[in-house]
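Residues per chain, in single letters:
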Amino acid sequence: EQVLAAPEAGPFQSVKDLEGRIIATELVGATQRYLARRAEFAAAAGARNWRYYDFQLWKEGVARWTEVEVARRAGGDWSTEAEAYWAEQLDLLRSGSLSELGRVSVYAYGAAEAALLERIDPDWRSCYRVTMQMGDCWVSSGVPDVPDG
């Protein structure tokens, strides 16, 4: 649907396109901030601990995200249950500290990373098949200035 079709509209041919570009820019900025914090967390954990934690994000977190996505796409009661379950996962991330959540944190944290990667770059799943680290998927996601870790 063309909202602005005038030549003076510049590079944006519709308000909807402009809005989408703004949202995408904000999402990339928020993702860059998140990845900077992720790198700080990785540095604080130490290389050996982080490698294991990142592997668990890749393994357990993506499995959790996949369960939710399959249920969402199944529709009906499954979709309703999936939305409620997803809300619980996000609540865990908002309210729980790593020391409180312990190993369980990888499920919600990894699932949230998978969901964010899906929004940023749906092709991230091809990386998932060849690596065993979520960090590698972030590097291949196309988000500019992804820190190591």
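Residues numbered from 1 in each chain as written. Predicted model: local features only at pLDDT ≥ 70, side-chain atom pairs only at ≥ 80, totals over all residues. Heavy atoms only, no water.

Let's shift gears to the side chain of Gln 56. Tracing the sequence through the fold places Gln 56 in helix 2 (residues 47-74). With a relative accessible area of 3%, Gln 56 lands in the buried category. Once you skip the residues sitting within four places of it in the chain, Gln 56 turns out to touch Gly 61, Arg 103 and Val 106. (Helix = DSSP H or I, 4+ residues; strand = E, 2+ residues; numbered from the N terminus. Buried < 20%, exposed > 50% of the residue type's maximum accessible area, 1.4 Å probe, protein only. Contact = heavy atoms within 4.5 Å.)

To continue, consider the nonpolar core. Ranked by internal contacts, the top residues of the largest apolar core, which has 24 residues, are Leu 57, Trp 65 and Trp 124. Elements that contribute at least two residues to this core include exactly helix 1 (15-45), helix 2, helix 3 (76-95), helix 5 (105-120), helix 6 (124-128) and helix 7 (134-139). Residue contributions to this core peak at eight residues, all from helix 2. Dropping the residues within four chain positions of it, Leu 57 is found in contact with Arg 38, Trp 50, Val 62, Val 106, Tyr 109, Gly 110, Glu 113 and Met 134. (Core = buried A, V, L, I, M, F, W, Y, C linked by side-chain atoms within 4.5 Å.)

What follows concerns the packing of aromatic side chains. Taken as a whole and assessed by the stated rule, the structure comprises eleven aromatic pairs. Ring geometry for Phe 55 versus Trp 58: centroids 5.6 Å apart, planes at 25 degrees, classification stacked. Of this pair, Phe 55 and Trp 58 both sit in helix 2, three residues apart, which is roughly one turn of that helix. Relative to Trp 124, the ring of Trp 65 has its centre 5.6 Å away and its plane inclined at 65 degrees; by these criteria the two rings are edge-to-face. Of this pair, Trp 65 sits in helix 2 while Trp 124 sits in helix 6, and the two are 59 residues apart along the sequence. For the pair formed by Trp 65 and Trp 124, the shared burial category is buried. (Phe/Tyr/Trp six-rings, centres within 6.5 Å; stacked < 30°, edge-to-face > 60°.)

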